[in-house]
Structure formats: C-alpha cells, structure tokens
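# Structural characterization, general
So you can see what is in the structure, the chains are spelled out below.
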Amino acid sequence: MQLPPDARFDTICIHAGQAPDPSTGAIITPIYQTSTYVQDGLGRHKGHEYARTSNPTRAALEGNLAALEGGSAGYAFASGMAAIDAILSLLEQGDHVIVTDNTYGGTYRLFERVLRRYGLRFTYVDTSDSSAVAAAIEPATKMVFLETPTNPVMRLTDIAAVAAITRPRGVTLVVDNTFASPCLQRPLTLGADIVVHSTTKYLNGHSDSVGGIVVCTRPEHVEWMKFVQNAAGAIMGPFDAWLVLRGTKTLAVRMERHNTNGLAVARFLAAHPKVRAVHYPGLEQHPQHALAERQMRGFGGMLAFDVDTLERAKVVLERFRVFALAESLGGVESLVCHPASMTHASVPIERRVQIGLTESMVRLSVGIEDVNDLVADVAHALDGLS
Ligand SMILES: *Cc1c(COP(=O)(O)O)cnc(C)c1O
C-alpha cells in the first residue's frame, strides 16, 4: 500500500509509515517485542539484525513522523531529552550554539550542566528578535536551537526569518516543535534543518508514554542520527512506539479540538476582571498574533495567565475540578500547573524574571473535554478570588 504523493496531512497521520503486516495482514503494525531476529543464513537476513539498530514498530513510527514533518527520515528516542542530546552530538568540542532564552528547563539543564563539560558553548538570546540571533553569531557558531512557542509565556520566533540568517552561513537550524505539533507548525517547510519533539506531549497525546523524535532533511544529518541512535542506543522501545503510532492517528482531530477549546478558554480569561494578563498566540492582543497567524495553523491548547500574587495563584490552582494539577502537557485531559514552583523550579529566579515568568502565573494545558465544562471550571477556580 503506497499513499498517493499528494495525500493531505490528516490522511498522512493515519497511514504514513505503516503497511499491513506482511506475515498476517494485520492492519495495525504489531508490537515487535523482540531483541534479535533469526537469520536465514550467514549474511542473509530480512533487514533486521538486532533491535537497538532497528525494530519494525519503531521504524513505522519513524516513517510516520518523518512524513508528518515533511522530512526525509525520523529517529525515535527514549525521551525528548534523549532526542535533543542526540542532535547535539552533531557538534564537536569548541562549537557554539545559539538557544532561545526561555527554552524548556530540561534543555537548559542538559546544555549547561552536561554538554558544557564537553566543550560546547551556548548563548541564550531572545530569538523572537531575529536580529538578536544574527548579532549573536560567531565564527564558531554551528547551530541555532529554537523553541516556538515557548513555555509558559507563549513567545514566538519567526522560523523563516531565522532560517534566512542560518542558511547562507551554513549554520544548522533546529526547532523544538513540541508545543505546536506538526499539525499546527511545520518548521522544515519554513527553512529549518532538523525538528525535534517530545512525543510525550501532543504526538502521543494520551499521557501514557515518554519519548522523543528527531526528523531531519539533510543527508549528513540523516546519516549521523541513524549512526548515533545505534551507537549511543537511547532508543524508543517497541511498545512506546506503538502507543505514539496510535496517538498520531488522531493527531489532526485532537489538535482541532485543542485549538477551539484553547481559544475559548483564552477569550474567557482575557475578559475576566480578576485576570491580569493572558498569554495565548490566538488572542488579538498577543504581541505576535500576526506572526502566529502566518506561521501556525491554529494556536493549540497551551496558555498561561496571571492573577497578580503568588497567594492568589495558590487559591486558583487548588479550586480546579476538571483541570488536574500536574506537570506535562498535550494530553487529552486538561492540566493546570504553577510554572514557578513546578516545571520551572530549576530555572534561576533572575532568568525567570528575564523571560517574564512570574510567581503569580498559572499555566493550562487545555484538553479535549467539553468546552463548557472547561470554561465553567476556570470560572469556578477564579470565583475563589476576592
Ligand atoms: C517535555 C519537553 C521536552 C522534554 O521531553 P521529555 O519527553 O520529557 O524528555 C523538551 N522540549 C519541550 C518543549 C518539552 O515540552
């Protein structure tokens, strides 16, 4: 079975990377829970020798996600962080990387606490200003690592504008596309070279697996990622690959609902007298709303809002009945968290101030429940404020 070359995104979600199982015709790729493969004879095998190197369930997911991002190959890892770590192994001692200043806390920790020890250097800039990216480039700069939109203040970077800076200089442009998903944003079509995701979030979408994916376009990147996935071995297991493959089948319909629910909750918050600021790229008052409209297809389910003081944030956080108090995001169920003490607790206070992350900020991952129940839950939580 071969998808027509002009198949559209929602069709690709369901079919790409997967053919009926050759031995039984099973429409769903089985979980190939095996460590090795029996060979027909010396040097004669069916394309698989050892499961760190390749696994048919993982290969199906890698083909699926490469197609969704419009890349030439995908490599699945045990977590989003393992995927990011594998990408950074493209670099050598002395190389310099420019990074979005409010990148995911785990990315900052990996870069500063681990990779700096191996002689890589990182400069954190506000990449929403593409001239700041150009200004930070040094002769040793080999990579620009973007995250857009960022967590939790939903700041955007113009991917095409940064690609116009990196391309002519031969600098590799990497985009962490976890918050948007390929349904809302396709960085490779905007000039990026590599896309990375924590599949833990929207791609799997059901809060029951941890994983990561790297999608690349350039032959030298494809070759290295394939090599390092096997050499370092931080592979995604077959059961997780199967879960994410099941998740991406409904990605398009889930994202549609995340978009409508996210926008409805953001609008409700923006009109609420007890809410000071709402950060959601789908609101007209978002400073980069025009860029969001140009660069994204829908604005997703992530937003943050401010209720003035830490005390008031605590009151609100504990009154939710549908939104569950938890870290993580991108699942079908709605979650609420307090970034300053939860997801961003390891980020030094000066950096939090710099990226606009206040102690009175509440973050929502708006799920796909009935929108009326979600808006009512937010209203109930805010009713606790005097
Ligand atoms: C969660 C997350 C990661 C890390 O992924 P894990 O699967 O938790 O290792 C990286 N980037 C972003 C934007 C994330 O939200």
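The residue numbering used here restarts from 1 in each chain and proceeds along that chain's sequence as written. Restriction of local features to residues with pLDDT of at least 70 applies here, the model being predicted, together with a cutoff of 80 or more for giving and counting side-chain atom pairs; totals for whole chains, interfaces and linings are based on all residues. The side-chain figures draw on all heavy atoms in the structure; neither hydrogens nor water molecules are used.

### Description of the overall build of the protein
By the criteria applied, helices consist of DSSP H or I runs no shorter than four residues and strands consist of E runs no shorter than two, each listed in order from the N terminus. The helix and strand tally for the protein stands at 14 helices and 12 strands. Whereas a compact globule of 386 residues would reach a radius of gyration of roughly 21 Å, the protein reaches 21 Å, a difference of no more than 12%. Counting all 386 residues of the protein, 54% fall into the buried class. Using a 1.4 Å probe, the Shrake-Rupley method yields the accessible areas, and only the shown protein chains count as cover for residues. Here the protein has roughly 16300 Å² of accessible surface; of this, 54% comes from carbon and sulfur atoms. We compute the radius of gyration over the C-alpha atoms and compare it with the globule rule, which gives 2.2 Å times the number of residues raised to the power 0.38. For every residue, the accessible area (1.4 Å probe, protein chains only) is compared with the maximum for its type, and the residue is labelled buried under 20%, exposed over 50%, or partly exposed between those bounds.

### Here's the deal with the packing of aromatic side chains
Two aromatic rings, drawn from Phe, Tyr or Trp (for Trp, its six-membered ring), form a pair once their centres lie within 6.5 Å of each other, and the interplanar angle then sorts them: stacked below 30 degrees, edge-to-face above 60, tilted otherwise. Scanning all chains against the criterion turns up 7 aromatic pairs. When the centroid spacing of 4.5 Å and the interplanar angle of 10° are considered together, the rings of Phe111 and Phe122 count as stacked. On the criterion of sequence distance, the pair formed by Phe111 in helix α4 (residues 105-114) and Phe122 in strand β3 (residues 121-125) is long-range, its members being 11 residues apart. Taken as a pair, Phe111 and Phe122 share a single burial class, namely buried.

### Details of helix α9 (residues 238-249)
Taking 1.5 Å per residue, 12 residues should reach 16 Å; α9 reaches 17 Å between its end C-alpha atoms and fits that length. All of the buried residues in α9 are Pro238, Ala241, Leu243, Val244, Leu245, Gly247 and Thr248. Whether two residues are in contact is decided by their heavy atoms: any pair within 4.5 Å suffices. Each element contacted by the buried residues of α9 is listed here: α1 (9-15), α2 (56-69) and α10 (251-270). The span expected for a helix works out to 1.5 Å for each residue beyond the first.

### Points about the domain arrangement of the protein
In this document the domain limits rely on a domain assignment from an automatic tool or a database. Domain boundaries assigned for the protein yield domain 1 (9-249) and domain 2 (252-382). The gap between the C-alpha centroids of domain 1 and domain 2 is 26 Å. Residue-level contacts link 37 residues of domain 1 with 38 residues of domain 2. Summed over both partners, the accessible surface that disappears when two parts come together, traced with a 1.4 Å probe, is what is meant by buried area. When domain 1 packs against domain 2, close to 3200 Å² is buried across both sides, 57% of that on carbon and sulfur atoms. Among the residues of domain 1 in contact with domain 2, Leu156, Leu184 and Tyr202 are the three that bury the most area, contributing 24% of the side total. The rule for a salt bridge is simple: a side-chain nitrogen of Lys or Arg has to be within 4 Å of a carboxyl oxygen of Asp or Glu. Seen at the junction of domain 1 and domain 2, the total is 1 salt bridge.

### Quick word on the environment of Val307
Here Val307 lies in the loop between β9 (302-306) and α12 (310-317). Val307 gets classed as buried once you look at its relative accessible area, which sits at 0%. Separated by 48 residues in the primary sequence, Val307 and Ile355 have C-alpha atoms spaced 17 Å apart. Residues contacting Val307, with those up to four places away along its chain left out, are Lys274, Arg312, Ala313, Val316, Ser360, Leu382 and Leu385.

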